[in-house]
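What follows is each chain in one-letter form.
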Amino acid sequence: MYDPVQLRTFLTVAQTLSFTQAAGRLGVRQSTVSQHVRRLEEATGRPLFLRDTHSVELTEAGEALLGFARTILEAHERAAAYFTGTRLRGRLRFGASEDFVLTRLPEILEGFRHEHPEVDLELTVELSGTLHERLDAGRLDLVLAKRRGPGDERGRLVWRDRMVWIGAEGLRVDPDRPVPLIVFPPPGITRARALEVLERDGRGWRIACTSGSLSGLVAAARAGLGVMAHTRGLIPPGLVRVAGLPDLGSVEFALLRGGRSSPEAEALASAILSGADRLTRPA
C-alpha cells in the first residue's frame, strides 16, 4: 500500500517544505516528487500537504504519516542491510550543531550504532561555525550544521525553518533601550545573524549573556536576562516567541562531508536524512 520510494519522497518534502528542494536532494524531477505525493494521497485518501505558490505545510494527516513513514523505511533498511550482509567497519568522526542537543538526534545515533556496531563513532558537539572550520581542516568526516547563510549550497539540505526571537514568557523588549542579547560566542552563525539584522534595522543592542552551550543560553533566557535568536522548530520548553524585533529570516541545516568519502559516512547520512523529522522534536 505504501511504496518506500514514495514514502522517502514524502519525508524529504516534509523536511525541506519545498517540492523543488526535495527534487534536488533526491536527484529526480519536480514532477516525479509531485507524482509520488499524489499517489500517497490517493493511498491514504487524504491530502498530506497544504501548498500554494509561496509555501508548503503539512496537513494533520501528513503529520500523522511522518511517524509511520519513518518506521516503514527503517524496517525496510534493516531488512536490506541484513540480507545484503553488509558490515561496516572503521572510524567515523561526526560533528553535530549545538542546536540538536535537546532533540532526538541521540536516538538516530543509537540506531546507527545498533545497526553498525563495528563502526567507531566519534561525536563532536559544537557551534555550526566551528564545525565548518573543523570539517574544512580535515578534522571531521561528516557534519550536521547550519549553512553559513544565503547563497551557501554546500552539502545535502536536511531541513529548512524560520529563525525567531525567543525569551521567557512575559518578557517585553523596551523599544527605547538596547536589546539585551543572549548569544553564542563567535563564530556562532546565529549570533552573527542576530547582530546583522539588528544593526540593519538601526536597533541598539548589548550582550546580556554569552555561553558556548545551548543549555547555558536557555538557562539565561528562562531567567529573563534577554532574548535569543533561535530556530522556530526547536524552541526549548519554558521559552516563547518575542514580538517587536526585526525578522531574522530563514535557516537551513545541511549534512556536509569532508574530503574523505566513506561508506560509514554515507550510512550515517542516510540514517539522519531518513529520521530528520525527529530533529524537530524534543528529547
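Cut-off values and rules
- Residues numbered from 1 in each chain as written.
- Predicted model: local features only at pLDDT ≥ 70, side-chain atom pairs only at ≥ 80, totals over all residues.
- Heavy atoms only, no water.
- Helix = DSSP H or I, 4+ residues; strand = E, 2+ residues; numbered from the N terminus.
- Buried < 20%, exposed > 50% of the residue type's maximum accessible area, 1.4 Å probe, protein only.
- Polar contact = N/O pair within 3.5 Å; in protein donor to acceptor, adjacent residues only side chain to side chain.
- Contact = heavy atoms within 4.5 Å.
- Core = buried A, V, L, I, M, F, W, Y, C linked by side-chain atoms within 4.5 Å.
- Axes fitted to C-alpha atoms, helices over the stretch in contact; angles between N-to-C directions.
- Parallel < 35°, antiparallel > 145°, perpendicular 65-115°, else oblique.
- Left-handed = near helix turned anticlockwise from the far one by under 90°.
- Nonpolar A, V, L, I, M, F, W, Y, C, P; charged D, E, K, R; others polar.
- Arc of directions from axis to C-beta.
- Patch = residues over 30% accessible without salt bridge, like charges linked within 9 Å, V, L, I, M, F, W, Y side chains within 5 Å.
- Areas by Shrake-Rupley, 256 points an atom, 1.4 Å probe, with all protein chains shown as cover.
- Salt bridge = Lys/Arg side-chain N within 4 Å of Asp/Glu carboxyl O.
- Expected span 1.5 Å × (residues − 1).

Chemist: Before we go on, may I ask you to explain unusual backbone geometry in this structure?
Modeler: Residues other than glycine predominantly adopt negative phi, and peptide bonds predominantly adopt the trans conformation. In this structure, P187 follows P186 across a cis peptide bond, with omega equal to 5 degrees. Not every positive phi belongs to a glycine, and L17 is a case in point at roughly 50 degrees. Locating L17 in the fold gives a position in the loop between α1 (4-16) and α2 (19-26). Judged by relative accessible area, which is 27%, L17 ranks as partly exposed.

Chemist: Would you take a moment to explain the side chain of H132 for this structure?
Modeler: Topologically, H132 is positioned in helix α6 (residues 128-136). Within the structure, H132 has its side chain in polar contact with the backbone oxygen of K146 (distance 2.7 Å). Setting aside anything within four residues of it in sequence, one finds H132 in contact with A145, K146, R147, R148, D152, R154, I189 and L256.

Chemist: Could you clarify how one ought to interpret the nonpolar core in this entry?
Modeler: Across soluble globular proteins, nonpolar side chains show a tendency to be buried alongside one another. If you look at the biggest cluster of nonpolar residues, it comprises 41 residues, and the most contacted ones within it are L144, W165, V227 and L279. Of all the secondary structure elements, the ones that give two or more residues to this core are β3 (90-97), α5 (105-115), β5 (142-146), β6 (156-168), β7 (179-183), α7 (189-200), β11 (250-257) and α9 (263-274). In terms of residues, this core owes the most to one element, α9, which gives five residues. Excluding residues that lie within four positions of it along the chain, V227 makes contacts with W165, I166, L171, V173, V179, P180, L181, I182, V242 and L245. Core analysis: the second largest hydrophobic core is formed by 20 residues, A23, L58, A61 and A69 among them.

Chemist: Would you explain the packing of α1 against α2 in this entry?
Modeler: Two numbers describe a pair of packed helices, the interaxial angle and the distance between the axes. Contact pair α1 / α2: the axes reach a minimum separation of 8 Å and the direction vectors enclose 125 degrees. The angle between the axes of α1 and α2 places the two elements in the oblique class. As for how α1 packs across α2, the hand of that crossing is right-handed. Contacts from R8, T9, T12, V13, Q15 and T16 of α1 reach α2 at F19, Q21, A22, R25 and L26. Here the contact of α1 with α2 is built from residues that sort into four nonpolar, five polar and two charged.

Chemist: I keep staring at α5 and nothing clicks. Help me out?
Modeler: In an α-helix there are 3.6 residues to a turn, and that puts residues three or four apart on one side. What α5 keeps buried is the set L105, I108, L109 and F112. Burial along α5 is one-sided: seen end-on, the buried residues are contained in an arc of 95 degrees. Facing away from the buried side of α5 by more than 90 degrees, the exposed set consists of E110 and H114. Buried residues along α5 sit in contact with β3, β4 (119-126), β5 and α9.

Chemist: Would you explain the side chain of H36 in this entry?
Modeler: Looking at where H36 falls in the secondary structure, it is placed in helix α3 (residues 30-44). Of note is the side chain of H36, whose polar atom sits 2.8 Å from the side chain of T9.

Chemist: Hey, could you run me through a nonpolar patch on the surface in this one?
Modeler: Residues V101, L102, L123 and V125 make up a contiguous nonpolar surface patch of roughly 290 Å² in combined accessible area. In this structure, V125 sits in strand β4. On the basis of relative accessibility, which here comes to 38%, the residue V125 falls in the partly exposed class.

Chemist: Honestly, α7 in this entry has me stumped. Any pointers?
Modeler: Across its 12 residues, α7 extends 16 Å between first and last C-alpha, which sits within 8% of the 16 Å expected from 1.5 Å per residue. Inspection of α7 places I189, T190, R191, R193, A194, L195, V197 and L198 among the buried residues, and these make up the whole buried set. Phi for G202, located one or two positions after α7, is positive at around 75 degrees.

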